[in-house]
Amino acid sequence: MSQAETLKVRVTLFFILVGIVLATVAVVTDHWAVLSPHVEHHNSTCEVAHFGLWRICTKSVVLSDSKDKGCRTITLSGEKNCSYFRHFNPGESSEIFHVTTQKEYSISAAAIAIFSLGFIIIGTIFLLLSFRKKRDYLLRPASMFYAFAGLCIFVSVEVMRQSVKRMIDSEDTVWIEYYYSWSFACACTAFVLLFLGGLTLLLFSLPPMPRNPWESCMDAEAEN
């Protein structure tokens, strides 16, 4: 591999590394979406919640005189209570998700995210072996695993988005407003960096194509 190609690979690996960090942050944090009810009266209490793949955190916020009747931010001061989803930890209580959120959606999003981290680990192993033993061809399977990890993150994001939508549409919840938070943004950015970075790394690691295919055939006949 030439010096110019090595530089391109290193730049691509930098973006992939950023994607790995963002994917890990998205999986382990619980700020994918923020849910809030509609507030009818001033000086009332609203319960705003944010959740991720594994747990949900609720906060009771006392609203002061304000023209905005929405309880939209999780950064307001209030008592915070976090619990893991019941299907991940039976000893914890999570009534909101136990009744109103499709269990299959939550488990699917978490499982697919775990697959993504698994692909990242396997790709990193191939990458380290390619550097250690100077075997550039190992960059190809590494790039494919990174691209697969990006696709898994995308599927997990879509499953989570559908879960939030069905929660809002459900008549069993008080939540009528929502927005996606920074963990969701990390997951979306990780998808772009891992998927495109994996494809770019694959292109850079492929052997160069001959300018004229007949040259390769003639060279082979000359050697025979």
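One can find the structure itself at the top, above this paragraph.
Residues numbered from 1 in each chain as written. Predicted model: local features only at pLDDT ≥ 70, side-chain atom pairs only at ≥ 80, totals over all residues. Heavy atoms only, no water.

### Focus on helix α1 (residues 3–28)
At 3.6 residues per turn, the α-helix brings residues three or four places apart onto the same side. Between its first and last C-alpha, α1 extends 38 Å over 26 residues, near the 38 Å set by a 1.5 Å rise per residue. Buried within α1 are the following residues: Val9, Thr12, Leu13, Ile16, Gly19, Ile20, Ala23, Ala26 and Val27. (Helix = DSSP H or I, 4+ residues; strand = E, 2+ residues; numbered from the N terminus. Expected span 1.5 Å × (residues − 1). Buried < 20%, exposed > 50% of the residue type's maximum accessible area, 1.4 Å probe, protein only.)

### Structural notes on the pattern of salt bridges
Enumeration according to the criterion identifies one salt bridge in this entry. As a salt-bridge pair, arginine 161 and glutamate 158 come within 2.8 Å of each other at their nearest N and O atoms. Residue arginine 161 and its partner glutamate 158 are both found in helix α4 (residues 139–169); the two are separated by three residues, about one turn of the helix. Judged by relative accessible area, which is 28%, glutamate 158 ranks as partly exposed. (Salt bridge = Lys/Arg side-chain N within 4 Å of Asp/Glu carboxyl O.)

### Points about the environment of alanine 111
Its location among the elements puts alanine 111 in helix α3 (residues 103–132). Taking C-alpha positions, alanine 111 is 9.6 Å from cysteine 152, a pair spaced 41 residues apart along the chain.

### Some remarks on the side chain of serine 143
By secondary structure assignment, the location of serine 143 is in helix α4. By relative accessible area, serine 143 is classed as buried at 0%. When residues no more than four places from it in sequence are discounted, the contact partners of serine 143 are Gly198, Leu201 and Leu202. (Contact = heavy atoms within 4.5 Å.)

### Considering a nonpolar patch on the surface
Residues Leu7, Val11, Phe14 and Phe15 make up a contiguous nonpolar surface patch of about 400 Å² in total accessible area. If you trace the backbone, valine 11 turns up in helix α1. (Patch = residues over 30% accessible without salt bridge, like charges linked within 9 Å, V, L, I, M, F, W, Y side chains within 5 Å. Areas by Shrake-Rupley, 256 points an atom, 1.4 Å probe, with all protein chains shown as cover.)

### Considering the packing of α1 against helix α5 (residues 182–205)
Taken N-terminus to C-terminus, the directions of α1 and α5 make an angle of 150°; their axes are 7 Å apart at the nearest point. Between α1 and α5, the angle falls in the class roughly antiparallel. As for the relative orientation of α1 and α5, their crossing is left-handed in sense. (Axes fitted to C-alpha atoms, helices over the stretch in contact; angles between N-to-C directions. Parallel < 35°, antiparallel > 145°, perpendicular 65-115°, else oblique. Left-handed = near helix turned anticlockwise from the far one by under 90°.)

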